[in-house]
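Structural overview for review
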Amino acid sequence: MSDVLDRIAAYKREDVAARKATLSQADVEARAAEAPLVRGFKAALLARQATGRPGLIAEIKKASPSKGLIRANFDPPALARAYERGGADCLSVLTDGPSFQGDDTFLVAARNAVRLPCLRKDFLVDPWQVAESRALGADCILIIMDMVDDALAADLLAEARRLGMDALVETHDEAEMARAVALGADFIGVNNRSLRTFEVDIATFARLAPLAPEGATLVAESGLFTPGDVATVVASGADALLVGESLMRQDDVEAATRALMSQASR
Ligand SMILES: O=C(O)c1ccccc1NCC(=O)[C@H](O)[C@H](O)COP(=O)(O)O
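Residues numbered from 1 in each chain as written. Predicted model: local features only at pLDDT ≥ 70, side-chain atom pairs only at ≥ 80, totals over all residues.

So, the overall build of the protein
- What the protein contains, in helices and strands, is twelve helices and ten strands.
- Over its C-alpha trace the protein gives a radius of gyration of 17 Å, about what one expects of a compact globule, namely 18 Å for 266 residues.
- Taking the principal axes of the C-alpha coordinates as reference, the protein spans close to 50 × 40 × 40 Å.
- Burial statistics for the protein: of 266 residues in total, 47% are counted as buried.
- Pairs at least 24 residues apart make up 68% of the contacts formed inside the protein by residues separated by at least 6 positions. (Helix = DSSP H or I, 4+ residues; strand = E, 2+ residues; numbered from the N terminus. Rg over C-alpha atoms; globule rule 2.2 N^0.38 Å. Buried ≥ 20, exposed ≤ 12 C-beta atoms within 10 Å, placed from the backbone. Contact = placed C-beta atoms within 7 Å.)

Written out as structure tokens, the structure reads:
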């Protein structure tokens, strides 16, 4: 019996095959070349850190496999602006439709509404999707080590670098962290959520952070609800945080963003 991540990988492969049938590599490259200039994603997080506060990647997330509908009043440009005013440094925008009720247009609209660099939060199973992400305006892609073998991870990373984008390499256990290190990743996420069981344990970050290479920029992902949670992962070495649900559930997203980061120092 396949779990959610296997099912997502399967429908992504079908979806990408269909997209490639209508948009060749040459076509998608041409669109990427016309996209708005890349905004430095990792650079924005490091610039924030230099001020003494960890960076914040704020996620625009309507629904998820683990939680179902998270936010009914869902307006990506308005949310992007609220996040920017509240002190986010970067955005993460879910574009996967079947599992997250996301859409490519959410990324385009959110990015156009703000000056923040944007991660296209989707499931990459083919290097063609990197150029597609750039064509949509994305500044950063996500490489989920649990979803790709080493060869595909290397191809995705190389493609992102060729296009001038950042690539956040996501890990969840020791073996994935070792593979990320061998890949030469210097921008590494530790997802506190198992994408297979949906179990969340923010101690995951503290367990894996010491295994990352010296000098890598580390992002603590998922399950961060309170300033205390933020302090916990920052004390374990998080340079930046990726937060979705806890902010998406608030009426006043701007105030919630500010409050979550109010006591954070690095
Ligand atoms: O969120 C899920 O249920 C999920 C399920 C399967 C694959 C990925 C999933 N989430 C992606 C993420 O990693 C989170 O959206 C992101 O880290 C923010 O997490 P949170 O703050 O807990 O919403």
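Regarding the nonpolar core
- Ranked by size, the top nonpolar core spans 80 residues in total, and within it L91, I141, I143, A167 and L241 carry the most contacts.
- Among the elements that line this core, the one with the most residues is strand 6 (residues 140–144), at five residues.
- When near neighbours in sequence (up to four residues on either side) are disregarded, I143 contacts L124, V148, A153, L156, L157, A167, V169 and E170. (Core = buried A, V, L, I, M, F, W, Y, C linked by C-beta atoms within 7 Å.)

Examining the UniProt feature "domain: Indole-3-glycerol phosphate synthase" (unreviewed entry) in the protein
- Following the UniProt record, the feature "domain: Indole-3-glycerol phosphate synthase" (unreviewed entry) maps to residues 5–260 here.
- For residues 5–260, the end-to-end C-alpha separation is 29 Å, with 45% helix and 17% strand making up the annotated structure. (UniProt positions renumbered as here; feature names shortened; annotations may be inferred.)

Some details on the pairing of strand 1 (residues 55–60)
- Burial within strand 1 is extensive, with six of its six residues counted as buried.
- Bridging between strand 1 and strand 10 (residues 240–243) involves four bridges; their strand directions are parallel. Note that in strand 10 the partner of I57 across the bridge is L242.
- Bridging between strand 1 and strand 4 (residues 90–94) involves four bridges; their strand directions are parallel. Bridge pairing in strand 4 places I60 opposite V93. (Pairing = 2+ DSSP bridges.)

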